[in-house]
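What follows is each chain in one-letter form.
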Amino acid sequence: MTYQKQRFEARIATEELIEKYFDPAVTLAKCRACRGFASTWSCPDFDFDPLDFWKGFSRFHLIVDRISNEGAASVAAAKDRLLAEKSLYDAEMLALEKERPGSCALAAQECAHCTKCARLAGKPCLHPEQMRYALESLGMLAVNLVKDQFGFDVLWSDGKSVPAYYLLVGGILE
Ligand code: SF4
């Protein structure tokens, strides 16, 4: 099936990110409302302060892939496409992290590496070399960030209709 994949990139000082977009009270409320809350080690709550995490880097290379849903016959088909693209995206972020000493990749949404996260069994992460946090899990208002940087919205399905596109939002902390 042919569909469009477009990439958008920006580089932003973490100081600016923190000032404009860091709002963990808002993101945590959203996370708590999610069905998958705390079901992977990439989700809050964490045993560290996300603000300290951000302050450990000077710049963020924001990388967004916009995946069109053209030709997706159902909500499930669009989700399958997104998950396949997420897998490629997250692998690419990890590869970029390896190329840039001292950097840290941020994944698009929660970790999906294992079929069932070890957190559900109260066990430590099985693949910390694969697991990376996402912008929102670390308290950043990703929707606002994307809109300000690139001028388009994050879209969701209402469970019945397929939006025009989905986004993969992450990048590299440098
Ligand atoms: S790598 Fe596996 S165990 Fe670790 S956070 Fe991801 S799903 Fe959970």
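Residues numbered from 1 in each chain as written. Predicted model: local features only at pLDDT ≥ 70, side-chain atom pairs only at ≥ 80, totals over all residues. Heavy atoms only, no water.

Broken down by element type, the protein carries five helices and four strands. Going residue by residue from the N terminus, the α and β elements of the protein occur as β-α-α-α-β-α-β-α-β. Its C-alpha atoms give the protein a radius of gyration of 16 Å, near enough to 16 Å, the size a compact globule of 174 residues would have. C-alpha extents for the protein along the principal axes are approximately 45 × 40 × 35 Å. Residue pairs in contact within the protein that sit at least 24 positions apart in sequence constitute 80% of those at least 6 positions apart. About 9500 Å² of surface is accessible on the protein, with carbon and sulfur atoms providing 53% of the total. (Helix = DSSP H or I, 4+ residues; strand = E, 2+ residues; numbered from the N terminus. Rg over C-alpha atoms; globule rule 2.2 N^0.38 Å. Contact = heavy atoms within 4.5 Å. Areas by Shrake-Rupley, 256 points an atom, 1.4 Å probe, with all protein chains shown as cover.)

Counted by the stated rule, this structure contains 11 aromatic pairs. Aromatic side chains F53 and Y133 sit 5.8 Å apart centroid to centroid with 85° between the ring planes, which places their arrangement in the edge-to-face category. Here F53, found in helix α3 (residues 50-55), pairs with Y133, found in the loop between β3 (104-106) and α5 (142-150); they are 80 residues apart in sequence, far enough to count as distant. Taken as a pair, F53 and Y133 share a single burial class, namely buried. Between the aromatic rings of F152 and Y165, the centroid separation amounts to 6.2 Å while the plane-to-plane angle is 80°, which identifies the pairing as edge-to-face. Of this pair, F152 sits in the loop between α5 and β4 (165-173) while Y165 sits in strand β4; the two residues are 13 residues apart in sequence, bridging distant segments of the chain. Note on F152: relative accessible area 8%, which makes it buried. (Phe/Tyr/Trp six-rings, centres within 6.5 Å; stacked < 30°, edge-to-face > 60°. Buried < 20%, exposed > 50% of the residue type's maximum accessible area, 1.4 Å probe, protein only.)

A few words on the sheet that holds strand β2 (residues 59-68). Strand order in the open sheet formed by four strands is β1-β2-β4-β3, with antiparallel pairing between adjacent strands. The strands lining the two open edges of the sheet, one partner per strand, are β1 (5-13) and β3. Within the sheet, the average angular offset between the axes of one strand and its neighbour, ignoring direction, is 15°. As judged from the three bridges shared by β3 and β4, these two strands associate in the antiparallel manner. (Pairing = 2+ DSSP bridges. Axes fitted to C-alpha atoms, helices over the stretch in contact; angles between N-to-C directions.)

All right, on to the site of the ligand then. What surrounds the ligand is the set W41, C111, H113, C114, C117, A118, C125, L126, H127 and M131. Counted by class, the shell around the ligand contains eight nonpolar, two polar and no charged residues. (Near = heavy atom within 4 Å. Nonpolar A, V, L, I, M, F, W, Y, C, P; charged D, E, K, R; others polar.)

Cis geometry marks the peptide bond from P44 to D45, where omega comes out at 0°. For D45, the location among the structural elements is in the loop between α2 (24-33) and α3. Positive phi outside glycine occurs at A38, with the angle close to 60°. With respect to the helices and strands, A38 occurs in the loop between α2 and α3. Judged by relative accessible area, which is 25%, A38 ranks as partly exposed. A positive phi angle, near 70°, is found at Q109, a position not held by glycine. Here Q109 is to be found in the loop between β3 and α5. Owing to a relative accessible area of 39%, Q109 belongs among the partly exposed residues under this scheme.

Moving on: the pairing of β2. For β2, a buried count of nine out of 10 residues is recorded, marking the element as mostly surrounded by other parts of the structure. In this sheet, β2 lies alongside β1 in antiparallel orientation, the contact comprising nine bridges. Along β2, the bridge assignment pairs Q6 with R66. Note: β2 against β4, nine bridges, orientation antiparallel. Of the residues in β4, the one forming a bridge with D65 is L168.

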